[in-house]
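# Overview (structure and organization)
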Amino acid sequence: MLHPQARALLRLIEEKGVPPVYMLAPPQARASYLERRTYTQPDAPEVASVRNLEAKGPDGPIPVRSYRPFGSAANAALPALVYFHGGGWVIGDLESHDVLCRQLCNLSGCAVVGVD
């Protein structure tokens, strides 16, 4: 038996004509994933700051996004949570998980670093 929210999500996917991700090539799957998040995610909550940065990687720079929780002082030392998005490691990115990282940041009181 499906949870009512899962049933509602499946109905919404059907109504919007969203193709199954496995039927799409990775570039189209990424675009579809980003587009459909606007159907299911709330507006991005306000946080104290968001910064796009880069970390050094073995094959070049890795994009990261740093979040500080709403109400935190810019110079306050905070615990940090590093978030590696899912999306099957193929279709997610910093934008697709921005709302979640903001929510985690505000609800935990931690600085959050999202890794692309």
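Once that is clear, we can look at the sheet that holds strand 1 (residues 49-57). Ordered in space as 1-2-4-3, the 4 strands form an open sheet in which the pairing is mixed. Either end of the sheet is taken by a strand with one partner, and the two such strands are strand 1 and strand 3 (80-84). The average undirected angle you get between the axes of adjacent strands in this sheet is 25°. With 5 bridges connecting them, strand 3 and strand 4 (residues 111-115) associate as parallel partners. Note on strand 4: the bridge partner recorded for Val82 is Val113. Each of strand 1, strand 2 (60-68), strand 3 and strand 4 is contacted by helix 3 (residues 98-108), which is oriented at about 45° to strand 2, the strand it contacts most.

Counting across every chain of the model gives 1 cavity of 30 Å³ or more. Here the largest cavity defines a volume of roughly 40 Å³. In terms of lining, the largest cavity is formed by Tyr67, Tyr83, His85, Asp93, Leu94, His97, Cys101, Gly114 and Val115. Across the lining of the largest cavity, the residue classes tally to 5 nonpolar, 3 polar and 1 charged.

Moving on: the layout of surface pockets. Quantified by volume, the largest pocket comes out at close to 160 Å³. Tyr33, Arg36, Arg37, Gln41, Pro42, Ser96, His97, Val99, Leu100 and Gln103 are the residues that line the largest pocket. Taken together, the elements giving at least two residues each to the lining of the largest pocket come down to helix 2 (26-40) and helix 3. Here the residues of the lining of the largest pocket sort into 4 nonpolar, 4 polar and 2 charged.

Rules used in this analysis
- Residues numbered from 1 in each chain as written.
- Predicted model: local features only at pLDDT ≥ 70, side-chain atom pairs only at ≥ 80, totals over all residues.
- Heavy atoms only, no water.
- Pairing = 2+ DSSP bridges.
- Helix = DSSP H or I, 4+ residues; strand = E, 2+ residues; numbered from the N terminus.
- Axes fitted to C-alpha atoms, helices over the stretch in contact; angles between N-to-C directions.
- Contact = heavy atoms within 4.5 Å.
- 1 Å grid on protein atoms, 1.4 Å probe; cavity = no way out; pocket = protein on both sides within 12 Å on 5 of 7 lines; lining within 4 Å.
- Points joined across faces, edges and corners; volume = space filled by probe spheres on them.
- Nonpolar A, V, L, I, M, F, W, Y, C, P; charged D, E, K, R; others polar.

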